[in-house]
Amino acid sequence: MASKVIYFTINGRPEQAEFTSDCPAQDVKDLFRAAAEAGPNDILKMYNTCDSLINISPSLPVNEPQARYRLEVLAAEYDTKLLGPELAVALGFDLSLMEKRLQNLERTILTEAWATPSLISEIKNQVELFQHKLETVEHLSWLGLFKEVPEGRQKPSPFYHKRALRKPQEECELMREKFLQMSSLEVSEEVREYLKTPSFDICIIYSGFLGLTSAFCIEQEVLQNFLYEVYRHYNNIPFHNFKHCFCVTQMMYGLICLTGLKNTIDSIELLIMLTSAVCHDLDHTGYNNAYQINARTELALRYNDISPLENHHCAVAFEILEKPENNIFRHLTTEQYKRVREGIINCILATDMARHNDILNKFKGILDQFDLQNKEHKDVLMKIMIKVSDISNEARPMDVAEPWLDCLLQEFFNQSDMEKLKGLPVTPFMDRDKVSKPSSQTGFIRFVLLPLFTQLAKLFPCLEQHIIDPVQKALNYYSDMEAALEKEKPNWSEKTEAPGENSPANESKEAEGTLRPAATTN
């Protein structure tokens, strides 16, 4: 039997389907469902040129390319296991119910006025675009800045925070076995020297490099238990995870060695700085202090809106240390423990960027008469050291630093998306719709990184080649990227106008151009 060809559009995209008249009805529906990239439970509707609903079946009347039918997916499939019931509650409204009410209103107006007012069309477009944003997180990656976003409906994807936040027990046990094997390895002198540079097992740093295990009678098994519990309490999030903890600790070790502090300050200060670096982001959930406070989370209520995250990181650290099998401080004297606890709390609280200017100004004020024998001076220096270590990614090679920026952007964009969904104030530097990656990055380097790094380099000039020069290169890199993006704007505007002013594909392209700086802000 001869085939028939049906011409239609889906989301403004021209398509055609070919089948025979004796083709089973379900096969015909599956054919159109595949063209629409719809799920098995999605509802398809076909309209003719008069906007009348027609049946999708083998008897579908043949048409011409100039008189294409219009195929629509009016009800999307939502996987509650992926998105989670919490999200629907958090939204405060039902998108499907809103869509039905809008359709009823549209039909009423069409009956009375024979035309859809522009206001109703605009509302409908906004609902569709909002639904599209909920269904896909592909736009979270800045790597697709210039790529052609495929036309058509994107398949639903879960927000990353709806995946398991805690590590599975099996994963933790496997990591523990590998960790115990690595702890017994001998480290060459070449590796030891490499670890001192910003350009890498934390257990080795404690024991063989700084001599802390012998100085404070820390048993190897207890140290291993402590570090394993630390690993277990860092969550599965893109940036503030255990790998970030490792990088910050390695940078802290490098700074201690490069500045000569290893030989000029007491071992107890070294213990404070290293342990603070290890514990500084424990149980971070990927949402900063502003979100905690605005969303009135349990942490914000518990800590009265005062550095909720940093207070929580400290509390988790000392909860881990409360267990004798994890307590690397159990052989300290009472006075030593008080000094260590005070120092760790002060260092971790210093990583709250809300305290940044106060700490930096205090450091500037003591630079001219800085004295390593002065406890107050040393306490400020330790805060500066952990702050530099915490936001030191741009001091690393670009092929290391830039992937970390991508991870941070995922957390930032996820937070701003959730702020919009919950009706909370949107953190400006996380808003994908208002921030561009290169301009924000250059601003972060100019106004946060360089002023901080420069002051530390004034005290220790040897650091200039290790942290100032690489950051200056990073600034040049992002400045060049910013200039290139400015040149591309005219061409980019032409590309984004092609699919249609309010199409989901266009919205996704616009979203990819809104990116954010590498500040590890809380």
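One can find the structure itself at the top, above this paragraph.
Below you will find a few notes about this structure.

Rules used in this analysis
- Residues numbered from 1 in each chain as written.
- Predicted model: local features only at pLDDT ≥ 70, side-chain atom pairs only at ≥ 80, totals over all residues.
- Heavy atoms only, no water.
- Helix = DSSP H or I, 4+ residues; strand = E, 2+ residues; numbered from the N terminus.
- Buried < 20%, exposed > 50% of the residue type's maximum accessible area, 1.4 Å probe, protein only.
- Core = buried A, V, L, I, M, F, W, Y, C linked by side-chain atoms within 4.5 Å.
- Contact = heavy atoms within 4.5 Å.
- Pairing = 2+ DSSP bridges.
- Expected span 1.5 Å × (residues − 1).

## A look at unusual backbone geometry
The backbone phi angle of asparagine 304 is positive, close to 55 degrees, even though this residue is not glycine. Within the element layout of this structure, asparagine 304 appears in the loop between α15 (298–302) and α16 (308–322). Residue classification places asparagine 304 among the exposed positions, given a relative accessible area of 59%. Phi is positive for serine 307, close to 40 degrees, though the residue is something other than glycine. In this structure, serine 307 sits in the loop between α15 and α16.

## Here's the deal with the nonpolar core
Residues Phe226, Phe363, Met385, Phe453 and Leu456 are the most contacted members of the largest nonpolar core, which totals 79 residues. When neighbours within four sequence positions are excluded, leucine 456 is seen to be in contact with Phe363, Leu381, Ile384, Met385, Val388 and Leu463. Counting residues in each nonpolar core, the second largest holds 18 residues, with Ile6, Phe19, Val28 and Leu71 among its members.

## Overview of the pairing of strand β2 (residues 13–20)
Across eight bridges, the pairing between strand β1 (residues 3–10) and β2 is antiparallel. Bridge pairing links threonine 9 to proline 14 in β2.

## Some points on α16
What sets the pattern is the α-helix's 3.6 residues per turn: residues three or four places apart point alike. With 15 residues, α16 ought to run about 21 Å at 1.5 Å a step, and its terminal C-alpha atoms sit 21 Å apart, in line with that. Of all 15 residues that make up α16, 11 are buried, and the element is covered over most of its length. All of the buried residues along α16 are Pro308, Leu309, Glu310, His312, His313, Cys314, Val316, Ala317, Phe318, Ile320 and Leu321. Elements that come into contact with the buried residues of α16 comprise α10 (220–232), α13 (267–279), α14 (289–294), α15 and α17 (334–350).

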